[in-house]
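# A structural walkthrough
Below are the chains, spelled out letter by letter.
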Amino acid sequence: SNVILLACSVVMYHLKILRFYPFTFLLFLQLGYFSMHLNNEKNNIEIPDHETYFQIKILEKSNTSKSWNKGVAEIQFMYTRSDKIESVSQKLLFYTDSTTNKLISTGDILLLSSKISKIKNKGNPGEFDASMYWKTKNTTLLSFFDQSDFSILRNEPPSYKNTIEKHLIQILENNLPKSQVGLAKALFLGDKSELTSETTRAFSAAGAMHFLAISGLHIGLMIIVLLYTFRVFSKFISRYQATILILLFIWFYAYLIDFPPSVVRSVFMFSLITLGSIYSAQSNQVNLMCFSAIILLILNPWYLFDIGFQLSYLAMFGILLTYAKIEEFYQFDTKIFRYLWNGTALGLSAQIFTIPFCLYYFHQFPNYFVLTNLGIIIMSGVLISLGAGLFIFSWSPILSIGIGLILSSLLYLLVAFIGWIEHLPGAVSKGFQLHEVELLGLYVLIILILFAYLY
């Protein structure tokens with residue numbers, strides 16, 4: 001059917017009977033359906049609810065001092081009661097105690113004897129839909145095990161990437177207080193395993209959780225900081241060369257932190273936009289963003305249901321479509337006020353299309369999100385620059401200590417600022433229960449208001 005659609009599209013385009021775009025949409029719709037069908041075919045094997053043997057490969061795991069640590073593995077083979085080995089290829093969410101967690105590493109292959117069950121919600125009213133969240137990550141199975149439930153079939157030797165990652169973590173631990181290392185690892189390395197529940201709750205109440213997950217904001221700031229850095233050396237390096245080096249750096253950075261979906265989306269999208277800017281395609285940024293979404297959905301159609309995917313693209317749509325109009329609403333002569341207003345306009349434009357989904361998924365709304373985003377925008381660029389500077393100049397004891405002190409002070413101010421917002425009266429409105437029809441109605445209302453304002 002895809003071949004027929006493509007042939008009809010090409011013929012009608014050349015004969016000028018119909019525009020190419022509707023058929024292109026149908027073509028990619030068919031590709032997405034076919035890709036999701038193949039994806040489901042790989043994961044249609046029923047896992048028995050009784051205890052049995054599985055061969056699993058550890059894909060990722062947290063490293064904390066908590067009683068139970070979370071991780072994700074891939075089930076490779078299942079040993080049935082009839083002594084048959086069945087290939088599975090399904091992802092498994094697992095929890096292990098702190099002692100067991102120290103015995104296993106990412107890449108290890110284990111022979112596991114444990115009961116595996118489906119990920120289910122607890123059924124409490126207004127709770128987060130954990131089942132759907134993990135399903136969007138192609139993970140529907142859950143297991144708890146300790147050191148008595150498995151044996152290691154193969155240890156994965158430390159890779160070059162793991163060596164670099166450990167070195168970067170060591171730099172943070174050597175130059176920051178122990179209480180700030182977890183936050184620094186989340187901001188710079190995408191590892192949120194050592195964040196305390198108090199920090200997570202405070203950032204959630206203030207509407208700043210997106211800052212703890214490396215996403216478009218971090219990648220965009222990295223590109224801006226690197227562009228300004230290369231401008232200093234503009235006599236020695238051309239704009240084209242600088243852009244290529246920047247793109248290579250952000251892709252290496254994504255590789256270093258294990259290609260989390262939010263980073264892959266952001267790096268791919270910004271790569272297209274950055275390359276587009278070289279060829280004077282700034283006016284086509286919405287097209288480039290849509291193209292990046294289509295490619296990612298073909299590769300993994302489950303991204304469409306991923307909360308991070310939805311919110312990041314909706315935020316970018318809001319920025320590209322409304323930022324300029326909001327920024328023109330007020331004109332300040334003072335440079336400081338103009339900078340503050342631009343930051344406020346950026347936060348507002350990013351929130352316009354994400355608010356309904358935030359109410360739908362998280363059942364709460366941070367009332368001071370404008371203030372939170374303004375503070376984050378002011379501090380984030382300096383934080384990213386200091387973090388990069390700490391890694392780059394770690395060879396110099398004097399420079400690393402100085403940068404570490406400044407970075408530590410700024411992290412302290414960030415936590416204090418977020419905590420202050422969390423304790424403001426009415427910081428969070430809770431109890432929202434949106435039906436899908438109401439969610440659609442909110443988006444229709446937002447689009448109508450935007451059309452009324454724009455036209």
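Described below are features of the structure shown in this document. (Residues numbered from 1 in each chain as written. Predicted model: local features only at pLDDT ≥ 70, side-chain atom pairs only at ≥ 80, totals over all residues. Heavy atoms only, no water.)

### Examining the pattern of salt bridges
Our working definition: A carboxyl oxygen of Asp or Glu within 4 Å of a side-chain nitrogen of Lys or Arg is what we treat as a salt bridge. A run of H or I in DSSP counts as a helix once it spans at least four residues, and a run of E counts as a strand once it spans at least two, with each numbered from the N terminus.
The final tally for this structure, using the stated rule, is one salt bridge. As a salt-bridge pair, Glu422 and Arg201 come within 3.7 Å of each other at their nearest N and O atoms. Highlighted residues: Glu422 in helix H17 (residues 397–422) and Arg201 in helix H7 (residues 197–206), separated in sequence by 221 residues.

### A few points about the sheet that holds strand E5 (residues 117–118)
Quick note on the threshold: Each pair of strands is called paired provided DSSP finds at least two bridges between the two strands.
Read from one edge of the open sheet, seven strands run E5-E6-E3-E2-E1-E4-E7, paired in mixed fashion. Edge strands, defined here as strands with exactly one partner in the open sheet, are E5 and strand E7 (150–154). When strand E1 (residues 52–61) meets strand E4 (residues 109–114), the two strands line up antiparallel, connected through six bridges. Looking across to E4, one finds that Thr52 is bridged to Ser114.

### Notes on the packing of aromatic side chains
The cut-off we apply is this: A pair of Phe, Tyr and Trp rings is counted when the ring centres sit within 6.5 Å of each other, with Trp represented by its six-membered ring. The angle between the planes then sorts it: under 30 degrees is stacked, over 60 is edge-to-face, the rest tilted. Only when the NZ atom of a Lys or the CZ atom of an Arg is both within 6 Å of the ring centre and within 35 degrees of the ring normal do we say a charge sits over the ring.
One pass over the structure, following the stated rule, counts 17 aromatic pairs. Ring pairs connect the aromatic residues Phe329, Tyr330, Phe332, Phe337 and Trp341, which therefore count as one cluster. Cation over ring: Arg231 sits above Tyr228, and NZ or CZ is 4.9 Å from the ring centre.

### A word on helix H18 (residues 436–454)
What counts here: Helices are assigned an expected span. That span is 1.5 Å times one less than the residue count. Relative accessibility decides the category of a residue: with a 1.4 Å probe and only protein chains considered, values under 20% of the type maximum give buried, values over 50% give exposed, and everything between is partly exposed. The arc under discussion is defined with respect to the helix axis, by the directions toward the C-beta atoms. Here, two residues are considered to be in contact whenever any of their heavy atoms come within 4.5 Å of each other.
If you check H18, its first and last C-alpha atoms are 27 Å apart, about what 19 residues at 1.5 Å a residue would give, namely 27 Å. Turning to H18, its buried residues number three or more, namely Leu439, Tyr443, Ile446 and Leu450. Down the axis of H18, the buried set is contained in an arc of 60°. They therefore lie on one face. For H18, the exposed residues lying more than 90 degrees away from the buried face are Val437, Leu440, Leu448, Ile449 and Ala452. Buried residues along H18 sit in contact with helix H13 (307–327), helix H14 (335–352) and helix H15 (355–362).

### Thoughts on a nonpolar patch on the surface
Heads up, the rule is: Put simply, a patch holds well-exposed residues, over 30% relative accessible area, that have no salt bridge, with like charges counted together within 9 Å and Val, Leu, Ile, Met, Phe, Trp or Tyr side chains within 5 Å. Areas reported as accessible are Shrake-Rupley estimates using a 1.4 Å probe. Residue values count occlusion only from the protein chains shown.
Together, Phe329, Tyr330, Phe332, Phe337, Ile447, Phe451, Tyr453, Leu454 and Tyr455 give the surface a local cluster of nonpolar side chains, amounting to about 1,000 Å² of exposed area. By residue number, the principal contributor to the nonpolar patch is H18, which donates four residues. Here Ile447 shows up in helix H18. What makes Ile447 partly exposed here is its relative accessible area of 39%.

### Details of the environment of Tyr361
Locating Tyr361 in the fold gives a position in helix H15. Counting along the chain gives 72 residues from Tyr361 to Gln433, while the straight-line C-alpha distance between them is 8.9 Å. With sequence-adjacent residues up to four places away left out, Tyr361 is seen in contact with Phe128, Ile307 and Gln310.

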